[in-house]
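Secondary and tertiary structure notes
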Amino acid sequence: LLEVLGPAGGIPPALGRAAGGAAPTGLGLRLSLGGWGSLVNPTGVAVCQRSGRLAVAHDGKKRIHVFGPSGSCLQRFGERGDAGNDIKYPLDVAVTADGHVVVTDGGDRSVKAFDLEGRGALAVREGFCLPWGLDAAPEGDVILTDAEAGALYRLTADFRKGKLKKCQMIRSKLTSPRGVAVSQTSGAIVVIEHLKARGLNNSSTRMTIFSADMDLVGQMDSFGLNLVFPSRIYTTAVAFDKEGRIVVTDVCSQAVICLGKPEEFPIFNPLISCGLSYPIGLTYTANNSLVVLDSGDHSVKIYSST
């Protein structure tokens, strides 16, 4: 509730709308999935690049909901509870190249992996303070943030055999890192840090970009972006498109914005500027459709070029 009231409360949308309410870049809503009851307070979305299936983490009795490419419900798993493979409070979800669903569980501060049928493959319960955001790297590793430890980890595992090979801290001294995305083309990593400030409306975010070798490439916070763009941007999710451009959600203007490639960051190109309530998740499918998780109406919205 504090996050909902803080960044967006009392701040009117500042992005321009195209005539007739259409997105200015020609992205059109192709499919809307979920809704209250089907999804309950969703927190993360990911796509399987091979099959096109969508995995959504939410607060229902079964925490992971798998949709097919056409929008049909294929699977629900991840029971709410205290058993070994149960999920207490999912924060984010990723799908690896070999088709395993990886979930960060804030309830017991663990990372859990399942196959797409819901069978438990691996659970890592040691070494984390509060694992939060995660994304699958091209080589099969999983990159994840620890919001409480202020760290970024690389998790290497054989999910089919249920074996953890390595869990390595690759960056420390970050400020409450949550959302993370890995470029499937360059291997670059972008992290969303949530900066601490006094007062509900003084909170802000910062995007920090690293190369595949973990060299710092660029950094920009809400204040810096506000000097360049006509809207205060409070970012809750980030993704790379197929060309390696950084795309973010902005809850202040209820929009999705493209900020350009790391080397040209930041530009300002609104991709979706209407029809969203509280966008908190973002990913791209193999055919370059944009998937937005909207917790405001408990739905997944899929956009494609019109």
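Computed from a prediction, not measured in an experiment: that's the story for all the values here.

Tallying secondary structure elements over the protein gives two helices and 24 strands in all. Per-residue burial for the protein yields a buried fraction of 56% across its 306 residues. Look at the contacts in the protein between residues 6 or more apart in sequence, and 46% of them connect residues 24 or more apart. A total accessible area of about 12,800 Å² is found for the protein, and carbon and sulfur atoms account for 49% of it.

Further remarks concern the UniProt feature "repeat: NHL" (unreviewed entry) in the protein. The UniProt entry lists residues 34-70, 74-117 and 276-306 under the feature "repeat: NHL" (unreviewed entry), expressed in the numbering used here. Within residues 34-70, the helical portion is 0% and the strand portion 41%, while the C-alpha atoms at the span's ends are 13 Å from each other.

Another aspect to go through is the sheet that holds strand S20 (residues 255-260). Spatially, the four strands line up as an open sheet ordered S18-S19-S20-S21, and their pairing is antiparallel. At either end of the open sheet lies a strand with only one pairing partner, and these are strand S18 (235-240) and strand S21 (269-272). Averaged over all neighbouring strand pairs, the angle between strand axes comes to 30°, with direction disregarded. Two elements, strand S19 (residues 246-250) and S20, share five bridges in a ladder whose sense is antiparallel.

This part is about the pattern of salt bridges. What the rule picks out here adds up to 16 salt bridges. Between lysine 62 and glutamate 79 there is a salt bridge, with its nearest N and O atoms 3.7 Å apart. With lysine 62 in strand S4 (residues 62-67) and glutamate 79 in strand S5 (residues 73-79), this pair connects stretches of sequence that are 17 residues apart. Look at lysine 62 and you get partly exposed, because its relative accessible area is 35%. The salt bridge involving lysine 112 is made with aspartate 108; its shortest N-O contact spans 3.0 Å. Among the charged side chains, a network of salt bridges with common partners joins Asp105, Asp108, Lys112 and Arg125.

If you look at the biggest cluster of nonpolar residues, it comprises 18 residues, and the most contacted ones within it are Val190, Met207, Val238, Ile246, Val248, Leu259 and Phe265. Where this core is concerned, the elements lending two or more residues are strand S15 (189-195), strand S16 (204-210), S18, S19 and S20. When residues in this core are grouped by element, the largest group, three residues, is from S20. Apart from the residues within four sequence positions on either side, valine 190 is in contact with Gly179, Val180, Ala181, Met207, Thr208, Ile209, Val238, Phe240 and Ile246. One finds Leu31, Leu39, Tyr278 and Val300 within the second-largest nonpolar core, a separate group that totals 17 residues.

The backbone phi angle of methionine 214 is positive, close to 70°, even though this residue is not glycine. Note on placement: methionine 214 falls in the loop between S16 and strand S17 (216-221). The phi dihedral of histidine 298 is positive, around 55°, even though this residue is not glycine. Tracing the backbone through its elements, the reader meets histidine 298 in the loop between strand S23 (290-294) and strand S24 (299-305).

A few words on the pairing of strand S3 (residues 54-57). Here is the key point about a regular strand: its side chains alternate between the two faces of the sheet. Residues Leu54 and Val56 line one face of S3 and the alternating positions Ala55 and Ala57 line the opposite face, and both faces are buried. Between strand S2 (residues 44-47) and S3, which follow one another and run antiparallel, lie six residues, and glycine 52 among them has a positive phi close to 80°. One ladder, built from four bridges, connects S3 with S4; its direction is antiparallel. Following the sheet pairing, alanine 57 is matched in S4 by isoleucine 64.

Further remarks concern the side chain of threonine 96. Locating threonine 96 in the fold gives a position in the loop between strand S6 (90-95) and strand S7 (100-105). Setting aside residues up to four positions removed in sequence, threonine 96 forms contacts with Val102, Ala136, Val142 and Phe159.

So, on to the sheet that holds strand S22 (residues 279-284). Read from one edge to the other, the open sheet built from four strands follows the order S1-S24-S23-S22, with strand pairing classed as antiparallel. The outermost strands of the open sheet, each flanked by one partner alone, are strand S1 (27-34) and S22. With direction set aside, neighbouring strand axes in the sheet form an average angle of 25°. Across five bridges, the pairing between S23 and S24 is antiparallel. By the bridge assignment for S24, aspartate 294 is matched with serine 299.

Summarising the model, the protein shows a mean pLDDT of 87, and 89% of its residues fall at 70 or more. Ignoring residues within four places in sequence, the model shows residues 8-24, a span with pLDDT below 50, making 30 contacts including any to other chains.

Scoring rules and cut-offs
Residues numbered from 1 in each chain as written. Predicted model: local features only at pLDDT ≥ 70, side-chain atom pairs only at ≥ 80, totals over all residues. Heavy atoms only, no water. Helix = DSSP H or I, 4+ residues; strand = E, 2+ residues; numbered from the N terminus. Buried < 20%, exposed > 50% of the residue type's maximum accessible area, 1.4 Å probe, protein only. Contact = heavy atoms within 4.5 Å. Areas by Shrake-Rupley, 256 points an atom, 1.4 Å probe, with all protein chains shown as cover. UniProt positions renumbered as here; feature names shortened; annotations may be inferred. Pairing = 2+ DSSP bridges. Axes fitted to C-alpha atoms, helices over the stretch in contact; angles between N-to-C directions. Salt bridge = Lys/Arg side-chain N within 4 Å of Asp/Glu carboxyl O. Core = buried A, V, L, I, M, F, W, Y, C linked by side-chain atoms within 4.5 Å. pLDDT = per-residue confidence, 0-100.

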